[in-house]
Amino acid sequence: MKIKNFVILLLITPIFLYSCSSSKKYDVSDLEEVGFKKETQQMYTMIGAIDGWSGILGGDIIEIYFYENANKVNKAFFENEAAGQFWKDSCIKGNVGLISKGDNACKILETLK
């Protein structure tokens, strides 16, 4: 019985890990669908992103960056920016990192499917 459970666990674990690590890959059009008004393209390569924009989301001034995948998001950059004086909040969803001067943008980002 124990060996059978172990074999089942060995078969299920990779599937579970894959489903947790794979997330939808978002791009700027996904954010535009939830109200993002892009303004200026940012120097996104400096933080390892593949695209980046400033603009308005939910009435907040934001910068949003897109990465190749969720594992490549520069989490330290977003945490440091939100801890500074210029930005108020930061959040990450999938391959997207966002910094905001308000309280609404991260709530909207979280609604992406």
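It should be noted that the structure appears before, not after, this text.
Quick caveat, the model's predicted, so the values are computed rather than measured. (Residues numbered from 1 in each chain as written. Predicted model: local features only at pLDDT ≥ 70, side-chain atom pairs only at ≥ 80, totals over all residues. Heavy atoms only, no water.)

## Some remarks on the state of the cysteines
- Going through the model one piece at a time under the given rule, you end up with one disulfide.
- At a sulfur-sulfur separation of 2.2 Å, the disulfide partner of C91 is C106. Residues C91 and C106 are joined by a disulfide whose S-S torsion is about -95°; by sign, that bridge is left-handed. Note that C91 is positioned in strand β4 (residues 89-93) and C106 in helix α4 (residues 105-110), a separation of 15 residues in sequence. For the pair C91 and C106, a shared accessibility class is recorded, and that class is buried. (Disulfide = S-S within 2.5 Å. Helix = DSSP H or I, 4+ residues; strand = E, 2+ residues; numbered from the N terminus. Buried < 20%, exposed > 50% of the residue type's maximum accessible area, 1.4 Å probe, protein only.)

## Focus on the environment of L31
- One can find L31 in helix α2 (residues 28-33).
- Remark: the alpha-carbon pair of L31 and L112, spanning 81 residues in sequence, is separated by 8.0 Å.
- L31 has contacts with F36, L57, I64, F66, L109 and L112, leaving out every residue within four places of it along the chain. (Contact = heavy atoms within 4.5 Å.)

## Looking at the side chain of S54
- Positionally, S54 belongs in strand β2 (residues 51-57).
- If near-sequence neighbours (up to four positions away) are discounted, S54 is found in contact with F36, K37, K38, E39, T40, Q42, I62 and E63.

## Thoughts on the environment of V96
- Its place among the elements puts V96 in strand β5 (residues 96-100).
- Remark: the alpha-carbon pair of V96 and A70, spanning 26 residues in sequence, is separated by 7.3 Å.
- In contact with V96, other than residues within four places in its own chain, are Y26, I64, Y65, F66, V73, C91 and L109.

## Quick notes on the packing of aromatic side chains
- One pass over the structure, following the stated rule, counts five aromatic pairs.
- Centroid distance Y67 to F78: 6.3 Å. Interplanar angle 75°. Geometry classified as edge-to-face. Here Y67 is found in the loop between β3 (60-66) and α3 (75-83), whereas its partner F78 is found in helix α3, with 11 residues between them in sequence. One exposure class covers both Y67 and F78, and it is buried.
- Seen in terms of ring centroids, F77 and F78 are 5.0 Å apart; in terms of plane orientation they differ by 85°. Their pairing is edge-to-face. (Phe/Tyr/Trp six-rings, centres within 6.5 Å; stacked < 30°, edge-to-face > 60°.)

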